[in-house]
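Now for the letters of each chain:
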Amino acid sequence: MTIALTTVAVTALFWKLFAARQDVISHLSIATAYPALLLTAAALSLGPWNVLRGRDNPVSFDLRRDLGIWAGIMALLHTGVGLNVHLRGRPWLYFFDQHHHVRHDLFGFGNDTGLIAAFLFMLLLAISNDLSLRRLGTRKWKSLQRCTYWAVGLTLMHAVAYQHIEERHAAYELILWGVTAVVATLQIIGWWKCRSKASREM
């Protein structure tokens, strides 16, 4: 409930911060995109943060799972809204041009990466429960859960493409790259500490 209420509050905050967008659909697209980014960043930061503090870092724990679930929900909501921003009622034109050819421009690249990321978030949502962990087993479940990194990489490419497509203001760039830098730094430091610990125990 706390995460749900925080998500709603952050969505409202981004709605207010980027109120220059007068169109409701494009406004809602931005208001869902950045909460999804922040929730995903929070979920990815918890593991390294546990490692840095010398705490246990289990394969799955409730807080990280809940953050990931809400990140996935917001990402899928953003996808649904985003497919109606530029080409109202014609979502196929995000991926194919008017001659039914696959798009090979930056617009097509941004949409393709975003859609693939959305499918990966759907997979991650499907396995974000204790039943999946028990049935798949820890090793297989963790292997699937690592699709998070692919989803994040594709999301970053999607975001960068749309920074250029829509010629967004510097504030968008600052948030995107600031969050990316923090998460990447934590992930690298956490990986390095885990590797160093494993080397000492050999």
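Small disclaimer: the values here were computed from a predicted structure and weren't measured. (Residues numbered from 1 in each chain as written. Predicted model: local features only at pLDDT ≥ 70, side-chain atom pairs only at ≥ 80, totals over all residues. Heavy atoms only, no water.)

S.K.: Outline the pattern of salt bridges, listing residues and values.
M.R.: Counting across every chain of the model gives two salt bridges. Between arginine 65 and aspartate 130 there is a salt bridge, with its nearest N and O atoms 2.8 Å apart. Of this pair, arginine 65 sits in helix α3 (residues 62-82) while aspartate 130 sits in helix α5 (residues 130-136), and the two are 65 residues apart along the sequence. Judged by its relative accessible area of 15%, arginine 65 falls in the buried class. With relative accessibility at 41%, the residue aspartate 130 sits in the partly exposed group. Note that arginine 103 is salt-bridged to aspartate 105, the shortest N-O span being 3.4 Å. What makes aspartate 105 partly exposed here is its relative accessible area of 36%. (Salt bridge = Lys/Arg side-chain N within 4 Å of Asp/Glu carboxyl O. Helix = DSSP H or I, 4+ residues; strand = E, 2+ residues; numbered from the N terminus. Buried < 20%, exposed > 50% of the residue type's maximum accessible area, 1.4 Å probe, protein only.)

S.K.: I'd like a description of the nonpolar core, backed by residues and values.
M.R.: By size, the foremost hydrophobic cluster in this structure holds 19 residues, and its most contacted members are Leu39, Leu67, Leu120, Phe121, Leu124 and Ala151. Looking at this core, the elements that each hand over two or more residues are α2 (24-52), α3, α4 (106-126) and α7 (147-165). Discounting residues that sit within four places of it in the chain, leucine 67 has contacts with Ile3, Leu39, Ala42, Ala43 and Leu46. Ranked by size, the runner-up nonpolar core spans 11 residues in total, among them Phe14, Tyr34, Ala159 and Val179. (Core = buried A, V, L, I, M, F, W, Y, C linked by side-chain atoms within 4.5 Å. Contact = heavy atoms within 4.5 Å.)

S.K.: So what about the side chain of glutamine 163? Which residues, and what values?
M.R.: Residue position: glutamine 163 is located in helix α7. Within the local environment of glutamine 163, its side chain forms a polar contact with the side chain of tyrosine 34, the two groups lying 3.3 Å apart. When residues no more than four places from it in sequence are discounted, the contact partners of glutamine 163 are Tyr34, Arg168, Tyr172, Glu173 and Leu176. (Polar contact = N/O pair within 3.5 Å; in protein donor to acceptor, adjacent residues only side chain to side chain.)

S.K.: Tell me what's going on with unusual backbone geometry, and back it up with residues and numbers.
M.R.: Most peptide bonds take the trans configuration, and most residues that are not glycine carry a negative phi. Not every positive phi belongs to a glycine, and histidine 100 is a case in point at roughly 65 degrees. Position of histidine 100 among the secondary structure elements: in the loop between α3 and α4. Residue histidine 100 is classed as exposed on the basis of its relative accessible area of 65%.

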